[in-house]
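Spelled out, the chains give:
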Amino acid sequence: MNNRKRLVAVALATAAALGAAGCSASDDAVANKQPAPAGAAVDGGTLRVGLDRAFGRLDPADSALTSQPMLLLANSLFDPLMVNDKDGQVRPYLAKSFTPNADASSWTLELRDGVKFGNGRPLDAQAVIDHVQRLAKPESKCPCAADAATIAGMTASSPTSVRIDLKKPDAALPNLFTRALGYIASAPTDSSAPVGSGPFTVEQSQPGVSVTVARNPGYWGDKPHVDKVVYRVLPDADSRYQSVRSGDVDLIWAETPTHLRQSNTDGLRTATALGATTTTLFNTKVAPFDDPRVRRAMQYTIDRATLAKVVTLDQGKPAEGPLVSTAPYRSATPYPAPDPAKARQLLAEVGTPVRFDYLIPTQPEAQQRATVLQQMLGDVGIHMTIKPLDIPTYLSNLYQRQFQVADFTTSALGDPSTGLSTFFGTGSPTNFPGFADPALDTALATGRGALDPARRGAAYADAGRVLVQQAPALFLTENRVGFIAAAAVGGLPDLSGRSVVNVSPAALWVAR
């Protein structure tokens, strides 16, 4: 059996072991081509949603709430000032406009008139300032505090106008307001959860279990179709899929290739995008991964095309660098082709056997990916032990940099202006690899400071080349992620060209 066939066999065996093969794969392509339910939108009723992870506080400061799989819930309660549009560009949403001065060192944010929070308080300029200042405080524990710290001052020029002065020019400032900083919340005066201006308000919540939201009668935008949305936490991917298949829920978040592929056969609908990048992160602060030769040896070993075929079942594609193919300012980054001989040469130069633990979250696709990587690396003499952890423990290890090498999937690389700085900029609290490179920092600073699109794109291309050459992370595949829905669910948009999957539940309906 040749190497490729052996890897396919390993992947299929792993899928079976995980129970994912219980949904027999069909040859139907996963796309956004399924017809919507016949007839006009239906108002009323309840939409039942299966979430893939637990939530703590319903607060934009909680990074779990503003992760891509949870944005549907976040969008129930909060409206972002800015949003990643279908062409990858950042557009105003709750904001009317966001305008820079000549060198992007100062910005003017104009708000809509008459918008109120669910508690009746006005969402005005001072509310925006209060929100940003709250999330900037260490006690908020918001990863966005580092972004808020780039702001030198905020001034309410009028009830609907905010002037934001920066410590350094930043042409990408609006991008920072697509998630936590942009989900403006009315600051709580006690231990209660913040209140947003979204299309729904909280009716009942059991943290980590479920939350029921009801239509906000004072919503400023289009009236939601459904009366209520019930979100249930269903962390096991197979159980979540079976729940939508059996009709126990109407809509789920899905990343598992076998589920996406099986959904057509089961009469379900999908709305997906290449909205996630799988990576292998190195802790560059510990041996042997403080040596770029070891990291590059692994880079030369991994066959990304095979990985895409046997793990994503050809629904994803090999990553060609740190930026996803639908991201703005993306340019081709020369990525080394697989070369086991070169890998062995680099390992021989290092002269020390490479053995490590590989942290993964307990998700079927992560286990499959790790199993294939283990096989590939073993072929050049690298010994990898797979260490599955539940998601909270896995994330805790990342934030505390308690790992050697880790599997990591993110949607943030769909936005080069924020994603690259977040994960690889020197000193960023979410720079899990602990990577520091002056050339990279210079390129990122140039990109953030450039209003000219061509100069900005060139700077991000420079950043991409540094990251591929120094390899603090290996960029493996772009994965299809999104929603699987019952046939009765309408209003799901075509997400196929988006770099970030972000849908408002106000647009969805259920034709029961």
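Counting from 1, residues in each chain are numbered in the order their sequence is written. The predicted origin of the model limits local features to residues at a pLDDT of at least 70 and limits the giving and counting of side-chain atom pairs to 80 or more, whereas totals for whole chains, interfaces and linings rest on all residues. Each side-chain value is derived from all of the structure's non-hydrogen atoms; neither hydrogens nor water enter the calculation.

- As annotated in an unreviewed UniProt entry, the protein carries the name Solute-binding protein family 5 domain-containing protein and is attributed to Embleya scabrispora.
- UniProt positions are given in the numbering used here, feature names are shortened, and annotations may be inferred rather than shown by experiment. Under Sequence similarities (unreviewed entry), UniProt gives the following word-for-word description of the protein: "Belongs to the bacterial solute-binding protein 5 family."
- What the UniProt record of the protein gives under Subcellular location (unreviewed entry) is the line "Cell membrane".

### Considerations on the overall build of the protein
Then, number 1: Broken down by element type, the protein carries 14 helices and 19 strands.
Then, number 2: Over its C-alpha trace the protein gives a radius of gyration of 23 Å, about what one expects of a compact globule, namely 24 Å for 512 residues.
Then, number 3: Expressed as lengths along the three principal axes of its C-alpha atoms, the size of the protein is roughly 65 × 55 × 40 Å.
Then, number 4: For the exposure calls, accessible area comes from a 1.4 Å probe over protein chains only, and a residue counts as buried if that area is under 20% of its type's maximum, exposed if over 50%, partly exposed in between. Counting all 512 residues of the protein, 56% fall into the buried class.
Then, number 5: Looking at the protein alone, contacts between residues at least 24 apart form 72% of all its contacts between residues at least 6 apart.
Then, number 6: When the accessible surface of the protein is split by element, carbon and sulfur atoms take 52% of a total near 19600 Å².
Then, number 7: In this tally, Asp and Glu contribute negative charge and Lys and Arg positive charge; neither His nor the terminal groups of the chain are included. All charge positions are set by atom: Lys at NZ, Arg at CZ, Asp at CG, Glu at CD. Taken as two groups, the 49 positive and 47 negative side-chain charges of the protein have centres that lie 2 Å from each other. Strands are runs of DSSP state E lasting at least 2 residues, helices are runs of H or I lasting at least 4, and numbering of each runs from the N terminus. Here the globule rule reads 2.2 Å times residues to the power 0.38, and the radius of gyration is calculated from C-alpha atoms. Whether two residues touch is decided by their heavy atoms; if any such pair falls within 4.5 Å, the residues are in contact. Residue-level accessible areas treat just the shown protein chains as cover; the underlying method is Shrake-Rupley with a 1.4 Å probe.

### Side note on the confidence of the model for the protein
Then, number 1: Values of pLDDT, the confidence the predictor places in each residue, fall between 0 and 100. Here the protein averages 90 in pLDDT, while 92% of its residues score no lower than 70.
Then, number 2: Within the model, pLDDT remains below 50 along residues 10–33, and this stretch shows 48 contacts once partners closer than five positions in the same chain are excluded.

### A word on the packing of helix H8 (residues 304–311) against helix H10 (residues 364–378)
Then, number 1: Interaxial distance between H8 and H10 falls to 10 Å at its minimum, and their mutual angle equals 140°. For the element pair H8 / H10, the angle class is oblique. Classified by chirality, the crossing of H10 by H8 is right-handed. Here Thr306, Leu307, Val310 and Val311 of H8 lie close against H10, whose contacting residues are Glu365, Gln368, Arg369, Val372, Leu373 and Met376.
Then, number 2: In this count, Pro and Cys sit with the nonpolar residues alongside Ala, Val, Leu, Ile, Met, Phe, Trp and Tyr, while Asp, Glu, Lys and Arg are called charged and the others, Gly among them, polar. Taken together, the residues of the contact of H8 with H10 break down into six nonpolar, two polar and two charged. Axes, fitted as lines to C-alpha atoms, cover a helix only where it is in contact. Angles between the N-to-C directions of the axes lie from 0 to 180 degrees. Orientation is classified from the angle alone, with under 35 degrees giving roughly parallel, over 145 giving roughly antiparallel, 65 to 115 giving roughly perpendicular, and any other angle giving oblique. A clockwise turn of the near helix away from the far one marks a right-handed crossing, whereas an anticlockwise turn of less than a right angle marks a left-handed crossing.

### Points about the packing of aromatic side chains
Then, number 1: Here a Phe, Tyr or Trp ring, Trp counted by its six-membered ring, pairs with any other such ring whose centre lies within 6.5 Å, and the pair is stacked when the planes are under 30 degrees apart, edge-to-face when over 60, and tilted otherwise. Applying the stated criterion across every chain yields a total of 15 aromatic pairs.
Then, number 2: Ring plane angle 70° and centroid distance 5.4 Å describe the contact between Phe98 and Trp107, whose orientation is recorded as edge-to-face.
Then, number 3: Ring geometry for Phe423 against Phe432: centres 6.2 Å apart, planes inclined by 40°, an arrangement best described as tilted. For the pair Phe423 and Phe432, a shared accessibility class is recorded, and that class is buried.
Then, number 4: Members of the aromatic cluster, joined through ring pairs, are Phe282, Phe289, Phe356 and Tyr358.

### Some points on helix H11 (residues 391–399)
Then, number 1: All of the buried residues along H11 are Tyr394, Asn397 and Leu398. Axial view of H11: buried residues confined to an arc of 100°, hence all on one face.
Then, number 2: Those residues of H11 hidden inside the fold are in contact with strand E14 (355–361), strand E15 (383–389) and strand E16 (405–410).
Then, number 3: Downstream of H11 by one or two residues, Arg401 has phi in the positive range, about 50°. The directions considered for the arc run from the helix axis to the C-beta atoms.

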